[in-house]
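# Analysis of the macromolecular model
What follows is each chain in one-letter form.
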Amino acid sequence: MKKIAVLISGGGTNLQSIIDAVEAGKIKGEIRLVISNKEDAYGLERARKHNICAVFDNDEASIIDRLKSEEIDLVVLAGFLKILSSNFTRAFENKIINIHPSLIPAFCGKGYYGLKVHQSAVDYGVKVSGATVHFVDENADTGPIISQETVKVLPDDTAEILQKRVLEVEHRILPMVVSKFCDNKIIVEGRKVFIEE
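None of these values were measured; they are calculated from a predicted model.

### Some words on the state of the cysteines
Throughout the structure, instances matching the rule amount to zero disulfides. Cys-53 takes part in no disulfide bond, and the closest cysteine sulfur to it belongs to Cys-182, at a distance of 18 Å.

### Overview of the packing of aromatic side chains
One pass over the structure, following the stated rule, counts two aromatic pairs. With a centroid separation of 5.7 Å and an interplanar angle of 45°, the aromatic rings of Phe-88 and Phe-92 are classed as tilted. Like Phe-88, the residue Phe-92 is buried in the burial classification. Ring plane angle 70° and centroid distance 6.0 Å describe the contact between Phe-107 and Tyr-124, whose orientation is recorded as edge-to-face. With Phe-107 in the loop between β5 (96–100) and α5 (115–124) and Tyr-124 in helix α5, this pair connects stretches of sequence that are 17 residues apart. A cation over a ring is seen here: Lys-116 above Tyr-112, with NZ or CZ 4.8 Å from the ring centre.

### Here's the deal with the packing of helix α1 (residues 13–23) against helix α6 (residues 159–182)
Where α1 contacts α6, the axes come no closer than 9 Å and their chain directions differ by 45°. Relative to α6, the element α1 is oriented oblique. The way α1 lies across α6 gives a crossing that is right-handed. Here Thr-13, Asn-14, Ser-17, Ile-18 and Ala-21 of α1 come into contact with α6, specifically with Leu-167, Glu-170, His-171, Leu-174, Pro-175 and Val-178. Split into classes, the residues belonging to the contact of α1 with α6 amount to six nonpolar, four polar and one charged.

### Points about α5
Buried residues of α5: Val-117, His-118, Ser-120 and Ala-121, and no others. Viewed end-on, α5 has its buried residues packed into an arc of 155°, placing them on one side of the element. The inward-facing, buried residues of α5 abut β5, β6 (128–135) and α6. Gly-125 sits one or two residues past α5 and shows a positive phi near 85°.

### Points about the pairing of strand β2 (residues 29–36)
Most of β2 is tucked away: six of the eight residues are buried. Relative to β2, strand β1 (residues 2–8) is paired through seven bridges, and the arrangement is parallel. Residue pairing for β2: Leu-7 is matched across the bridge by Ile-35. For the crossover that starts at β1, traverses α1 and ends in the parallel β2, the hand is right-handed. One ladder, built from three bridges, connects β2 with strand β3 (residues 54–56); its direction is parallel. Following the sheet pairing, Ser-36 is matched in β3 by Phe-56.

### A few points about the UniProt feature "binding site: (6R)-10-formyltetrahydrofolate" (unreviewed entry) in the chain
The UniProt feature table records "binding site: (6R)-10-formyltetrahydrofolate" (unreviewed entry) at Leu-81, Lys-82, Ile-83, Leu-84 and Asn-98. With the annotated positions falling across 18 residues, the maximum pairwise C-alpha distance of 11.4 Å places them together in a single cluster. The residue Lys-82 is located in the loop between β4 (74–77) and α4 (86–91) in this model. Contacts of Lys-82, omitting those with residues within four sequence positions, involve Asn-37 and Asn-58. At 2.9 Å, the side chain of Lys-82 forms a polar contact with the side chain of Asn-58.

Conventions adopted
- Residues numbered from 1 in each chain as written.
- Predicted model: local features only at pLDDT ≥ 70, side-chain atom pairs only at ≥ 80, totals over all residues.
- Heavy atoms only, no water.
- Disulfide = S-S within 2.5 Å.
- Phe/Tyr/Trp six-rings, centres within 6.5 Å; stacked < 30°, edge-to-face > 60°.
- Buried < 20%, exposed > 50% of the residue type's maximum accessible area, 1.4 Å probe, protein only.
- Helix = DSSP H or I, 4+ residues; strand = E, 2+ residues; numbered from the N terminus.
- Lys NZ or Arg CZ within 6 Å of the ring centre and 35° of its normal.
- Axes fitted to C-alpha atoms, helices over the stretch in contact; angles between N-to-C directions.
- Parallel < 35°, antiparallel > 145°, perpendicular 65-115°, else oblique.
- Left-handed = near helix turned anticlockwise from the far one by under 90°.
- Contact = heavy atoms within 4.5 Å.
- Nonpolar A, V, L, I, M, F, W, Y, C, P; charged D, E, K, R; others polar.
- Arc of directions from axis to C-beta.
- Pairing = 2+ DSSP bridges.
- Right-handed = clockwise from strand over helix to strand, strands pointing away.
- UniProt positions renumbered as here; feature names shortened; annotations may be inferred.
- Polar contact = N/O pair within 3.5 Å; in protein donor to acceptor, adjacent residues only side chain to side chain.

Below, the structure is given as structure tokens:
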């Protein structure tokens, strides 16, 4: 059974989707640790309600040490608003995944998080947006793409309305990818990622 750590900065709704999938037996893994770089993140409370070790830690070296001591197999960034250094990404190569609320490579990179992503999509006039789960490298949102799902952008959408619709997709594809990772069904070949059935 794979050991999972989830890194968050906020409310933790994507964390909750993983907790729910683990508890429903859809993920053959165990969330060993939830770490937030914000002390008041509600996601820490979500974790504690499910008896998961939840800590505030804003020091990258300390986080790396903690993950290694727990022998973590998969690190999930679920609304973690901090770009990881190459030291971090090299220590867990192809073992860190992130969920991003757009179809990468659109509306991503440094500064693109939260409502800004959806506002940019609405302002640009795109017809579809969506969510992307990708492996994490030392740059913002540039790692190999694992899974994407589209969401229609409607003419009268606001950023807030689009965000809600994209979040539903995030809550579906993130647990799916975590499940496939735990089942050793994800194969990486350069920039291409294959998911076995």
